[in-house]
Amino acid sequence: MGRLTTHVLDTMNGCPAAGMAVTLWRLAPQGDQRLAALRLNDDGRADLPLLEGAAMQPGRYRLVFAVADYFRARGVVLPEPPFLDEVPLDFGLADPALHYHVPLLASPWAYSTYRGS
């Protein structure tokens, strides 16, 4: 059974991004649909898959990570506006039977991602 998961690592502090807010959207020509809004657990992960089973449909999706809010909550002084505020990652799900893992490595000034396993 396919599923979508995420994980965020705080590369500034060398730890999981516990408490970071994440929103999942399905992107569609007739209008985007918010599917989930959550906070990451102590390991920087969602407690459950973001999508699985019948909810796992082929299409375009966006994960939005509240990077600036997370770092401010950790006491990092950021300029206004911050260099990175929310980080949107757009990606496609082609095969709903597969596991798609979308990790984010983030600091207040940089981020990277890849298709994980």
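Above this text is the structure in question.
Residues numbered from 1 in each chain as written. Predicted model: local features only at pLDDT ≥ 70, side-chain atom pairs only at ≥ 80, totals over all residues. Heavy atoms only, no water.

Trainee: Give a description of the overall build of the chain that names residues and reports values.
Mentor: Within the chain, the secondary structure is distributed over one helix and nine strands. Helices and strands in the chain line up, N terminus first, as β-β-β-β-β-β-α-β-β-β. For the chain, the C-alpha atoms occupy an extent of roughly 40 × 30 × 20 Å along the three principal directions. Counting across all 117 residues of the chain, residues that qualify as buried make up 39%. Within the chain, residue pairs in contact and separated by at least 24 positions form 63% of the contacts whose partners lie at least 6 positions apart. With an accessible surface of roughly 6,400 Å², the chain has 53% of that area assigned to carbon and sulfur atoms. Positive and negative side-chain charges of the chain, numbering 10 and 12 respectively, have mean locations separated by a distance of 4 Å. (Helix = DSSP H or I, 4+ residues; strand = E, 2+ residues; numbered from the N terminus. Buried < 20%, exposed > 50% of the residue type's maximum accessible area, 1.4 Å probe, protein only. Contact = heavy atoms within 4.5 Å. Areas by Shrake-Rupley, 256 points an atom, 1.4 Å probe, with all protein chains shown as cover. Lys, Arg positive; Asp, Glu negative; His and termini not counted. Charge placed at Lys NZ, Arg CZ, Asp CG, Glu CD.)

Trainee: Break down the pairing of strand S3 (residues 21-27) for me, with residues and values.
Mentor: Sheet topology note: the S3/strand S4 (residues 33-39) ladder contains six bridges and is antiparallel. By the bridge assignment, leucine 24 is partnered in S4 with alanine 36. What sits between S3 and S4 in their antiparallel hairpin is a turn of five residues, with glycine 31 showing a positive phi close to 130°. Summarising the sheet, S3 and strand S6 (residues 59-66) pair through six bridges and their orientation is antiparallel. Counterpart to arginine 26 in the pairing with S6 is tyrosine 61. (Pairing = 2+ DSSP bridges.)

Trainee: Give a description of the pattern of salt bridges that names residues and reports values.
Mentor: Summed over the entire model, instances satisfying the criterion amount to five salt bridges. For aspartate 69, the salt bridge identified is with arginine 72, shortest N-O distance 3.7 Å. In this pair, aspartate 69 and arginine 72 both sit in helix H1 (residues 67-73), three residues apart, roughly one turn of the helix. Taking the shortest distance from any N to any O, the salt bridge between glutamate 80 and arginine 72 comes out at 3.0 Å. Under the relative-accessibility criterion, glutamate 80 is labelled exposed at 66%. (Salt bridge = Lys/Arg side-chain N within 4 Å of Asp/Glu carboxyl O.)

Trainee: Can you break down the environment of leucine 78 residue by residue, with the values?
Mentor: Considering the arrangement of structural elements, one finds leucine 78 in the loop between H1 and strand S7 (86-93). Given the relative accessible area of 15%, leucine 78 is considered buried. Not counting residues up to four positions away in its chain, the partners in contact with leucine 78 are Ala68, Phe71, Arg72 and Pro108.

Trainee: Give me the packing of aromatic side chains: which residues, what numbers.
Mentor: Under the definition given, this model contains two aromatic pairs. Residues tyrosine 61 and phenylalanine 91 carry aromatic rings whose centres are separated by 6.1 Å and whose planes lie at 20° to one another, so their mutual orientation is stacked. Remark: phenylalanine 91 occurs in strand S7 and tyrosine 61 occurs in strand S6; sequence separation between them is 30 residues. The class of tyrosine 61 is buried, set by a relative accessible area of 0%. Centroid distance tyrosine 70 to phenylalanine 71: 4.8 Å. Interplanar angle 80°. Geometry classified as edge-to-face. (Phe/Tyr/Trp six-rings, centres within 6.5 Å; stacked < 30°, edge-to-face > 60°.)

Functional significance is not addressed by these values, which are geometric in nature.
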